[in-house]
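What follows is the residue order along each chain.
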Amino acid sequence: APALVPLLFGDGWLMVIEPLIVLSLYAAVRSLGSGINEVYKAIGRPGLAMRLSAAQLFVFVGVLIAGAHFGGIMGVAVGQLVVVAVFVVVKQAVAIRIMGLRTLDVLRSYLPAMVCGAAVALIGFGLWLVPMDATLRAGITVAVAVSVVWCILRFGFTATYSELIGLLRRER
């Protein structure tokens, strides 16, 4: 958001950067639970997926109304982030229990994505603080982020790196 908003929309939209940052965190957290309803269906528990989704919707409505009332767009963004974070944890915990998985194994599987995501966030925030042309900032941010993520995967998570390279080679 800090690099792209001024570039795409101009300085008149700078006030949306902070809510967009929170919403990007929301999207990242939400992605951690993106396939869980399909897992419930695959193990023969579609009703569980429906009940948890209905509970999440019910909580979302209340939190979003309160967020809008008390905090405007930032309140809505923070409300979405908090609700999705809570429900990702709940849905993952239920799936782990039902499937008999070890929590530590599941958490370890998230580690490469979490480290890479944190690195990209730090790069983006760091470059946001440096005064420069928005186009230049966007280009530098992408180039540095891609390079750093490659290094993290290549040298820090070699198994994940090898798996990703294998997937890319098969798609060609």
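Rules and cut-offs
Residues numbered from 1 in each chain as written. Predicted model: local features only at pLDDT ≥ 70, side-chain atom pairs only at ≥ 80, totals over all residues. Heavy atoms only, no water. Helix = DSSP H or I, 4+ residues; strand = E, 2+ residues; numbered from the N terminus. Contact = heavy atoms within 4.5 Å. Areas by Shrake-Rupley, 256 points an atom, 1.4 Å probe, with all protein chains shown as cover. Expected span 1.5 Å × (residues − 1). Bend = angle between axes of the 7 residues up to and from the residue. Polar contact = N/O pair within 3.5 Å; in protein donor to acceptor, adjacent residues only side chain to side chain. Core = buried A, V, L, I, M, F, W, Y, C linked by side-chain atoms within 4.5 Å. Buried < 20%, exposed > 50% of the residue type's maximum accessible area, 1.4 Å probe, protein only. Patch = residues over 30% accessible without salt bridge, like charges linked within 9 Å, V, L, I, M, F, W, Y side chains within 5 Å. Salt bridge = Lys/Arg side-chain N within 4 Å of Asp/Glu carboxyl O. pLDDT = per-residue confidence, 0-100.

Here the focus is the overall build of the protein chain. A count of helical and extended segments in the protein chain gives seven helices and zero strands. Starting at the N terminus and walking to the C terminus, you meet the elements of the protein chain as α-α-α-α-α-α-α. Put simply, of all contacts in the protein chain between residues at least 6 apart along the chain, 63% involve residues at least 24 apart. Surface summary for the protein chain: the accessible area is close to 11000 Å², and the carbon and sulfur share equals 71%.

Note on helix geometry: an α-helix contains 3.6 residues per turn, so any two residues three or four positions apart are oriented the same way. Counted at 1.5 Å a residue, the expected span for helix α4 (residues 46-99) with its 54 residues is 80 Å, but the 14 Å between its end C-alpha atoms falls short. If you look at α4, its biggest bend is around 145 degrees, right at glycine 71. Phi turns positive, to about 70 degrees, at glycine 100, one or two residues after α4.

By the element assignment, arginine 137 lies in helix α6 (residues 134-156). At 2.7 Å, the side chain of arginine 137 and the backbone oxygen of valine 130 are in polar contact.

Along the chain, aspartate 11 falls in the loop between α1 (4-9) and α2 (17-31). Expressed as a C-alpha distance, the spacing of aspartate 11 and alanine 134, which sit 123 residues apart in the sequence, is 9.8 Å.

Before going further, it helps to examine the nonpolar core. Val22, Tyr26, Phe60, Ala77, Leu81, Val83, Val84, Phe87 and Val88 together form the largest nonpolar core, which totals nine residues. For this core, the elements supplying multiple residues, two or more each, are α2 and α4. Membership of the second largest hydrophobic core comes to seven residues, among which are Tyr40, Leu48, Ala49 and Leu52.

The next point concerns a nonpolar patch on the surface. Side chains of Leu4, Leu7, Leu8, Phe9, Trp13 and Met15 sit close together on the surface and give an oily, nonpolar patch of about 670 Å² of accessible area. For phenylalanine 9, the position within the fold is in helix α1. Judged by its relative accessible area of 53%, phenylalanine 9 is exposed.

Moving on to the confidence of the model for the protein chain. Per-residue pLDDT for the protein chain has a mean of 89; in total, 97% of the residues score no lower than 70. Mean pLDDT across the elements of the protein chain ranges from a minimum in α1, with 75, to a maximum in α4, with 93.

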